[in-house]
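The residues making up each chain are set out below.
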Amino acid sequence: MQNIVPSTSKAIYTPNYTETAYHIGKQLARDAIWSADGRCNWQGASLEIIKGEYKIATVTFDAGIYSGLSGITLFLAELYLRVPDMIIEKVLHGAIKNI
């Protein structure tokens, strides 16, 4: 959805960052991998050394802030403050349990 803001010269595009973040949050919720005890994690591509060579491998995320669960959890927490969605809340709690 685009918001057009009138200007004295011409209309400009104003992105809706919360809407975009919510879309990303819903994708994270959809892709979460759940354990029986209510923890969740995600998988993604990572450059790993395998038999002495760099290879792209699918891995589950560690607790790291930049490329792991802590970063995803921080994103979900900030999103939930702005969009109190029950599904985002459930995924947020599942990610917290896994850290």
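Residues numbered from 1 in each chain as written. Predicted model: local features only at pLDDT ≥ 70, side-chain atom pairs only at ≥ 80, totals over all residues. Heavy atoms only, no water.

### Focus on the overall build of the chain
- Check the secondary structure of the chain and you find 3 helices and 6 strands.
- Counting from the amino terminus, helix and strand elements in the chain follow one another as β-β-α-β-β-β-β-α-α.
- Burial analysis of the chain (99 residues in total) assigns 27% to the buried set.
- Contacts in the chain between residues at least 24 apart in sequence constitute 39% of all its contacts with a sequence separation of at least 6.
- Accessible surface for the chain amounts to roughly 7,300 Å². Of this, 59% is attributable to carbon and sulfur atoms. (Helix = DSSP H or I, 4+ residues; strand = E, 2+ residues; numbered from the N terminus. Buried < 20%, exposed > 50% of the residue type's maximum accessible area, 1.4 Å probe, protein only. Contact = heavy atoms within 4.5 Å. Areas by Shrake-Rupley, 256 points an atom, 1.4 Å probe, with all protein chains shown as cover.)

### Concerning the packing of aromatic side chains
- Going through the model one piece at a time under the given rule, you end up with 0 aromatic pairs.
- Above the face of the tryptophan 34 ring, lysine 90 is positioned so that its terminal group lies 5.3 Å from the ring centre. (Phe/Tyr/Trp six-rings, centres within 6.5 Å; stacked < 30°, edge-to-face > 60°. Lys NZ or Arg CZ within 6 Å of the ring centre and 35° of its normal.)

### So, the pairing of strand S6 (residues 53-60)
- Sheet topology note: the strand S5 (residues 43-50)/S6 ladder contains 8 bridges and is antiparallel. Paired with glutamine 43 across the bridge in S6 is threonine 60. (Pairing = 2+ DSSP bridges.)

### Focus: the environment of asparagine 16
- Position of asparagine 16 relative to the elements: it lies in the loop between strand S2 (12-14) and helix H1 (17-31).
- Polar side-chain contacts of asparagine 16 include one of 3.3 Å to the backbone nitrogen of threonine 18. (Polar contact = N/O pair within 3.5 Å; in protein donor to acceptor, adjacent residues only side chain to side chain.)

### Let's talk about the packing of H1 against helix H2 (residues 69-82)
- Running from N to C, H1 and H2 point in directions that differ by 125°, and their axes come no closer than 10 Å. With respect to H2, the element H1 is oriented oblique. As for the relative orientation of H1 and H2, their crossing is left-handed in sense. In contact with Thr18, Ala21, Tyr22, Ile24, Gly25 and Leu28 of H1, H2 contributes Ile72, Phe75, Leu76, Leu79 and Arg82. (Axes fitted to C-alpha atoms, helices over the stretch in contact; angles between N-to-C directions. Parallel < 35°, antiparallel > 145°, perpendicular 65-115°, else oblique. Left-handed = near helix turned anticlockwise from the far one by under 90°.)

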